[in-house]
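Examining the three-dimensional arrangement
Here's the letter readout for the chains.
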Amino acid sequence: DTAVSQTPKYLVTQMGNDKSIKCEQNLGHDTMYWYKQDSKKFLKIMFSYNNKELIINETVPNRFSPKSPDKAHLNLHINSLELGDSAVYFCASSQDRNEQYFGPGTRLTVT
Amino acid sequence: AQRVTQPEKLLSVFKGAPVELKCNYSYSGSPELFWYVQYSRQRLQLLLRHISRESIKGFTADLNKGETSFHLKKPFAQEEDSAMYYCALLNQAGTALIFGKGTTLSVSS
């Protein structure tokens with residue numbers, strides 16, 4: 001069984017569009033995260049959610065908004081996509097300060 | 001400031017050679033450090049965390065507070081070890097991982 005899943009795996013879209021990436025975890029974890037991996041493979045935290053509350057937001061443009069319908073899901077909505085948003089986005093989850101489990105990633109290409 | 005530094009972007013070794021992937025950190029207090037591995041186009045997987053002191057796939061890492069280092073070592077590299085390795089630090093609040101820039105390990109025969 002997949003612990004952390006993301007859809008879609010690949011997303012190609014044009015500048016200015018609005019898109020969403022979905023993430024689900026079946027581990028019963030209480031915290032979920034979104035990380036961005038840029039073209040240089042540098043990984044940086046974007047958001048984390050604990051019990052449906054946003055607890056950090058690292059200088060991410062407000063075009064990006066996380067939405068958590070329940071504890072097992074943390075979706076990422078992106079408005080007015082820009083070329084610089086092209087990256088791989090990883091969802092992750094953890095229980096407290098323990099190991100973070102990562103999803104397979106969503107490769108976003110903005111043309 | 002909380003920071004992780006991996007000074008080597010690429011490390012190339014021959015099969016059977018020893019490997020050491022360097023990681024230095026900056027942190028106030030007792031750090032919680034991890035090594036994650038990412039095989040080609042796959043998800044990140046936890047390789048080690050310092051508090052468990054386990055050896056996974058022959059890799060070990062020791063926390064050296066005096067040198068603020070958490071280097072990853074393996075005595076005999078295998079071709080299947082070729083991957084991107086990230087050193088990561090749990091931030092003070094315990095709410096996110098701070099990653100180094102990663103080191104690509106390439107093992108050739």
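Residues numbered from 1 in each chain as written. Chains lettered and ligands numbered in written order. Predicted model: local features only at pLDDT ≥ 70, side-chain atom pairs only at ≥ 80, totals over all residues. Heavy atoms only, no water.

**Here we look at the overall build of chain B**
Across its full length, chain B holds zero helices and eleven strands. Listed by position from the N terminus, the elements making up chain B come as β-β-β-β-β-β-β-β-β-β-β. Over its C-alpha trace chain B gives a radius of gyration of 13 Å, about what one expects of a compact globule, namely 13 Å for 109 residues. Its C-alpha atoms give chain B principal-axis dimensions of roughly 45 × 30 × 25 Å. (Helix = DSSP H or I, 4+ residues; strand = E, 2+ residues; numbered from the N terminus. Rg over C-alpha atoms; globule rule 2.2 N^0.38 Å.)

**With respect to the packing of aromatic side chains**
For the coordinates displayed, the defined rule picks out eleven aromatic pairs over all chains. Ring centres 5.4 Å apart and planes at 45° place the aromatic pair A:Tyr35 and A:Phe102 in the tilted group. Taken together, the positions of A:Tyr35 in strand 4 (residues 31-37) and A:Phe102 in strand 10 (residues 101-102) put the pair 67 residues apart, joining distant regions of the chain. Both residues of the pair, A:Tyr35 and A:Phe102, count as buried. Ring geometry for B:Tyr86 and B:Phe99: centres 5.8 Å apart, planes at 80°, overall edge-to-face. With B:Tyr86 in strand 9 (residues 83-90) and B:Phe99 in strand 10 (residues 97-99), the pair connects residues that are 13 residues apart, well separated along the chain. Accessibility classification places B:Tyr86 together with B:Phe99 in one group, the buried group. An aromatic cluster is defined as three or more aromatic residues linked by ring pairs; in this entry it consists of A:Tyr33, A:Tyr35, A:Phe90, A:Phe102, B:Phe34, B:Tyr36, B:Tyr86 and B:Phe99. The cationic tip of B:Lys101 hangs over the ring face of A:Phe42; the distance from NZ or CZ to the ring centre is 5.8 Å. (Phe/Tyr/Trp six-rings, centres within 6.5 Å; stacked < 30°, edge-to-face > 60°. Buried < 20%, exposed > 50% of the residue type's maximum accessible area, 1.4 Å probe, protein only. Lys NZ or Arg CZ within 6 Å of the ring centre and 35° of its normal.)

**Comments concerning the interface of chain B and chain A**
Counting residues at the interface gives 23 residues for chain B, matched by 22 residues for chain A. Together chain B and chain A conceal approximately 1,900 Å² of surface at their shared face, both sides included; 52% is due to carbon and sulfur atoms. Its largest share of buried area at the contact with chain A, chain B owes to B:Arg43, B:Thr95 and B:Phe99, together 29% of the area lost on that side. If you look at where chain B meets chain A, you find one salt bridge. Residues A:Arg97 and B:Glu32 are paired through a salt bridge, measuring 2.8 Å at the closest nitrogen-oxygen approach. (Contact = heavy atoms within 4.5 Å. Buried area = accessible area lost by both parts, 1.4 Å probe. Salt bridge = Lys/Arg side-chain N within 4 Å of Asp/Glu carboxyl O.)

**Some remarks on the state of the cysteines**
All names here are of chain A. Applying the stated rule across the entire model yields two disulfides over all chains. For Cys 23, the disulfide goes to Cys 91, at an S-S distance of 1.8 Å. Given an S-S torsion of about -75°, the disulfide between Cys 23 and Cys 91 has left-handed geometry. Note that Cys 23 is positioned in strand 3 (residues 19-25) and Cys 91 in strand 9 (residues 87-94), a separation of 68 residues in sequence. A relative accessible area of 1% means that Cys 23 is categorised as buried. (Disulfide = S-S within 2.5 Å.)

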